[in-house]
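Architecture and fold: a report
So the chains spell out like this:
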Amino acid sequence: MPPPDPVAGLRARLIGVVRATFNDQERGETPVQRSDNALFPRDSVTWRVHGDVTTMMVGGVAALLLQMLHPAVLAGVWDHSAFRQDMLGRLRRTARFIAETTYADRTIAEATIARVREVHARFGGTLPDGTPYRADDPALLAWVHVTEMWSFLAAWQRYGIPLSAPQRDVYFDETARIGVALGADPVPHGQDAADALIAAMRPQLCVDARTREVARFLLDHRAPSLAVAPAQRAIFAAAIDLLPDWARTMHGLRRPVATLPLVRGSTQAIAATFRWAFGAGVGARD
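Residues numbered from 1 in each chain as written. Predicted model: local features only at pLDDT ≥ 70, side-chain atom pairs only at ≥ 80, totals over all residues. Heavy atoms only, no water.

Moving on: the overall build of the protein chain. Scanning the protein chain for helices and strands turns up 13 helices and two strands. Contacts in the protein chain between residues far apart in sequence, at least 24 positions, make up 74% of those at least 6 positions apart. Carbon and sulfur atoms make up 58% of the accessible area of the protein chain, which amounts to about 13,600 Å² in all. (Helix = DSSP H or I, 4+ residues; strand = E, 2+ residues; numbered from the N terminus. Contact = heavy atoms within 4.5 Å. Areas by Shrake-Rupley, 256 points an atom, 1.4 Å probe, with all protein chains shown as cover.)

Val49, Val58, Leu65, Trp143, Tyr171 and Trp246 are the most contacted members of the largest nonpolar core, which totals 67 residues. Element by element, the count of residues in this core is highest for helix H7 (residues 138-159), at 13 residues. Among residues more than four places away in sequence, those in contact with Leu65 are Ala215, Leu218, Leu219, Ile240, Leu243 and His251. Within the second largest apolar cluster, seven residues are counted, among which are Ala231, Ala234, Phe274 and Phe278. (Core = buried A, V, L, I, M, F, W, Y, C linked by side-chain atoms within 4.5 Å. Buried < 20%, exposed > 50% of the residue type's maximum accessible area, 1.4 Å probe, protein only.)

Its 19 residues place the ends of helix H13 (residues 260-278) 27 Å apart at the C-alpha level, agreeing with the 27 Å of an ideal helix rising 1.5 Å per residue. Inspection of H13 places Leu260, Val263, Thr267, Ile270, Ala271, Phe274, Ala277 and Phe278 among the buried residues, and these make up the whole buried set. The arc that holds every buried residue of H13, seen down its axis, measures 130 degrees, which confines them to one face. Facing away from the buried side of H13 by over 90 degrees, the exposed positions are Pro261 and Leu262. Of the residues trailing H13, Gly279 is marked for its positive phi of about 100 degrees. (Expected span 1.5 Å × (residues − 1). Arc of directions from axis to C-beta.)

A few words now on the packing of helix H3 (residues 53-67) against helix H10 (residues 209-219). As a packed pair, H3 and H10 sit with axes 10 Å apart at the nearest point and diverge in direction by 170 degrees. Here H3 lies roughly antiparallel to H10, going by the angle between them. The crossing of H3 and H10 is right-handed. Where H3 approaches H10, its residues Val61, Leu64 and Leu65 are matched on the opposing element by Ala215, Leu218 and Leu219. When the residues that make up the contact of H3 with H10 are grouped by side-chain class, the tally is six nonpolar, no polar and no charged. (Axes fitted to C-alpha atoms, helices over the stretch in contact; angles between N-to-C directions. Parallel < 35°, antiparallel > 145°, perpendicular 65-115°, else oblique. Left-handed = near helix turned anticlockwise from the far one by under 90°. Nonpolar A, V, L, I, M, F, W, Y, C, P; charged D, E, K, R; others polar.)

With 14 residues, helix H11 (residues 229-242) should reach 20 Å at 1.5 Å per residue; the first-to-last C-alpha distance of 20 Å fits that figure. By the criterion of burial, H11 is predominantly enclosed, with 11 of the 14 residues buried. Listing the buried residues of H11 in full gives Ala229, Ala231, Gln232, Ala234, Ile235, Phe236, Ala238, Ala239, Ile240, Asp241 and Leu242. Among the structural elements, H3, H7, H10, helix H12 (245-251) and H13 are those in contact with the buried residues of H11.

Let us look at the packing of aromatic side chains. Scanning the model with the defined rule gives two aromatic pairs in all. Taking the centre distance of 4.8 Å and the plane angle of 80 degrees together, the rings of Trp47 and Tyr103 count as edge-to-face. Placement of Trp47 in helix H2 (residues 45-50) and of Tyr103 in the loop between helix H5 (83-102) and helix H6 (106-122) is noted, with a sequence separation of 56 residues between them. Like Trp47, the residue Tyr103 is buried in the burial classification. Ring plane angle 70 degrees and centroid distance 5.7 Å describe the contact between Tyr171 and Phe172, whose orientation is recorded as edge-to-face. A relative accessible area of 0% places Tyr171 in the buried class. Directly above the ring of Tyr103 sits Arg34, whose terminal nitrogen or CZ lies 4.2 Å from the centroid. In this structure, Arg177 packs its charged tip against the face of Phe40, placed 5.8 Å from the ring centre. (Phe/Tyr/Trp six-rings, centres within 6.5 Å; stacked < 30°, edge-to-face > 60°. Lys NZ or Arg CZ within 6 Å of the ring centre and 35° of its normal.)

In this section: the pattern of salt bridges. Per the stated rule, a full pass over the model turns up 11 salt bridges. One salt bridge connects Asp245 with Arg248, and the closest N-O pair in it is separated by 2.4 Å. In this pair, Asp245 and Arg248 both sit in helix H12, three residues apart, roughly one turn of the helix. By relative accessible area, which is 5% here, Arg248 ends up buried. (Salt bridge = Lys/Arg side-chain N within 4 Å of Asp/Glu carboxyl O.)

Here's what the structure looks like:
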């Protein structure tokens, strides 16, 4: 019998850590299986961007920090989410939604979108100032959609292989079908349109005690394991660094200027390690 391969063993351990983080194994979740009948083809820009473990985690945290700046989106989290008891579960559900709508067979993707739409249709409430809101408001869904896609792409541009301007437009055009299917309106089909939508929404954004509490709960959230803790610290710092200056200022967060080379270097190293573990061009959702 040949001796154990330490390299193969390390790869297996890294893959196991990532899959345990993204999949609720107690509920029997398994990694999403990639399909040739997915909503996007295998050679799509969306598969490339969404297939990288580290950039999706960095972008995902940045997207949450952007989304909660909208008072109605924050209210939906505050009123109808168990974020205090199950922040990891919320992050897992978001990651699984992206994975299923990107890679899974289109029947699974379409069922996932329908399920999310049904959940949104049930929820609404009132903001602290008395303004009513609905979770299925097309403008709110547009804010959630554009901040997610903008953040995923921004993280890829910094820690992946940067896309050209036409490729960035293709990414927004491809992923627009998810936003439209969820009921979002307007939905950007290019980088300039995405930037313009974010700029147009800025006057509606604000920060209050609830925003600060949710942000603090997210950023101070305990890592799911000691093995993940160092990577989580680097990823959260990279997410703060990724935010636009105005969003970081609204949150009262500071770019880690003194440690910025360390933050970016560590995140690049984490990304390279996971790419090595999963194989070139393969992400955690394979």
